[in-house]
Amino acid sequence: MRAHACPPGVPPLSRPHADPADEGAVLADRFRRTRQMTEALAAPLSDADATIQSMPDASPAKWHLAHTTWFWETFLLRDHVPGYRPFAEGWAFLFNSYYEAEGARLARADRGLLSRPSLDEVLDYRHHVSAAMEPLLGDPRCHALVALGIAHEEQHQELLLTDIQHALFRNPLGPALWADVSPCAPQADAAEAEWLSHPGGTVRVGHEGDGFAFDNEGPAHAHLLQPFAMRNRLVTCGEWLAFMDDGGYAAHPALWLADGLAWVREHGVCSPLYWRRSDAGWEQFTLAGWRPVDPERPVTHVSYFEADAFAAWAGHRLPTEAEWEAIGRDADPAGGHQLDGAGAPLPQGGTSLFGDCWQWTRSAYLPHPRFRAAPGAVGEYNGKFMAGQFVLKGASCATPRGHSRPSYRNFFYPHQRWQFTGVRLARDL
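> Run through the packing of aromatic side chains, naming residues and quoting values.
Under the defined criterion, the tally for this structure stands at 34 aromatic pairs. For the pair Trp70 and Phe75, a centre-to-centre distance of 5.5 Å together with 75° between the ring planes defines the contact as edge-to-face. The same class applies to Trp70 as to Phe75, namely buried. Put simply, the rings of Phe31, Trp70, Phe71, Trp72, Phe75, Tyr98, Tyr99 and Phe385 touch in pairs and so form one group of aromatic residues. When the ring centre of Trp63 is taken as reference, the NZ or CZ atom of Arg111 above it lies at 3.7 Å.

Have a look at this one:
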């Protein structure tokens, strides 16, 4: 991928007849704000905070800061600026994630061994690359790839938050990264549970039209649905406590998928991740430290196995990806509680389909009909992970506002729950 034009297969940024100068100005502003936001999220971290890796699924904050910079250096500066020299020899090996086309790389589980380069050196790297990117931001040939890089960095902003939350949770002191939850967060509304009905029939699924989307969101295609309904709000902590009090984790094995029951028993799972029982009742760990579990807030940090078992216990089921998208097409993707600035994310509640928590669907993460991965290294971004995972829809309180859309496909393995993952119920009509 060394041509001096954007690689084929990268989705268009916006309308084909948009003014390139206006488009470039908007894109340049988004690039700068995105880079600044990443650094603002990492600002409270010490070098030690930014270096630790609490499990193989998570990466150190310092690695996220550097990897998002490697992306710009590799796919734009190296390939589009004649004579560009990498900032530091050997860093491409350290900060490549999974791009086989880019050669050898450090094993994911070893990222926490990078005591060097220091956090300050990584920040110097970021500033160097951000400055070097300026001439490319106005180049129409690079607009689509710049848009992809912005979306990529926004994904890593969420991962940076969730990964450092897991690391701080492992510290017996339970340190807070911020004194309180995000100041941009709206207050929770005690929304009544209602059902959003859909008559079924043939619907369109997948991204189509103007605007950016990842390759795995298309092509758009027809999908036949049976009549169904989906609940207007997420499952709350209070509902989850009732599930636990009824012995949902241990007393009702018939609720669980076989793999889920084996996972519960092997790991002694008896509550959502980050919950603990204290003399004062149930508490949960957040980036603002330990807080009482609020029964009105959406439950979060639950696996697909737990979500599916809860739905069975409640007498309902999880929605399919196509069902969620059919209703989500009429929702505001920038609505709800999403990330607007540096601060501790925490679900608030309400009736938006977007925000608070990513929502498990019962749909396997598979290619849409006629999907083809883009050629070159950027084609490795999504397609090669289409096995053994489940689709999540919506957005979370740690998702940068404006990042998601109805066709967006998040995906994780069924046992994973360190992300802000929650539950929305569905039922047949």
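And the narrative resumes.
> Could you give me a rundown of unusual backbone geometry, with the residues and numbers involved?
Residues apart from glycine generally show negative phi values, whereas peptide bonds are mostly found in trans. In the segment running from Arg116 into Pro117, the intervening peptide bond is cis, with an omega of 5°. Examined against the element boundaries, Pro117 turns out to sit in the loop between α4 (91-95) and α5 (119-137). With an omega of 0°, the peptide bond running from Gly218 to Pro219 counts as cis. The residue Asp356 is not glycine, and still its phi comes out positive at about 70°. Topologically, Asp356 is positioned in the loop between α10 (321-328) and β8 (358-364). Judged by its relative accessible area of 6%, Asp356 is buried.

> Residue-level account of the pairing of strand β9 (residues 390-394), with values.
Taken across its five residues, β9 has five buried, putting it largely inside the fold. Sheet topology places β8 next to β9; four bridges connect them, and they run antiparallel. Of the residues in β9, the one forming a bridge with Trp358 is Gly394. In this structure, β9 lies alongside strand β10 (residues 410-412), joined through three bridges in antiparallel fashion. Bridge pairing in β10 links Val391 to Phe411.

> Describe in detail the pattern of salt bridges, supporting the description with residues and values.
Inspection of the entire model under this criterion finds 23 salt bridges. Between Asp79 and Arg78 there is a salt bridge, with the nearest N and O atoms lying 2.7 Å from each other. Given a relative accessible area of 27%, Arg78 falls into the partly exposed group. Arg329 is the partner of Glu325 in a salt bridge, and the nearest nitrogen-oxygen pair spans 3.6 Å. Given the relative accessible area of 35%, Arg329 is considered partly exposed. Sharing partners across several salt bridges, the network here consists of Glu321, Glu325, Arg329, Lys393 and Arg409.

Criteria and thresholds
- Residues numbered from 1 in each chain as written.
- Predicted model: local features only at pLDDT ≥ 70, side-chain atom pairs only at ≥ 80, totals over all residues.
- Heavy atoms only, no water.
- Phe/Tyr/Trp six-rings, centres within 6.5 Å; stacked < 30°, edge-to-face > 60°.
- Buried < 20%, exposed > 50% of the residue type's maximum accessible area, 1.4 Å probe, protein only.
- Lys NZ or Arg CZ within 6 Å of the ring centre and 35° of its normal.
- Helix = DSSP H or I, 4+ residues; strand = E, 2+ residues; numbered from the N terminus.
- Pairing = 2+ DSSP bridges.
- Salt bridge = Lys/Arg side-chain N within 4 Å of Asp/Glu carboxyl O.

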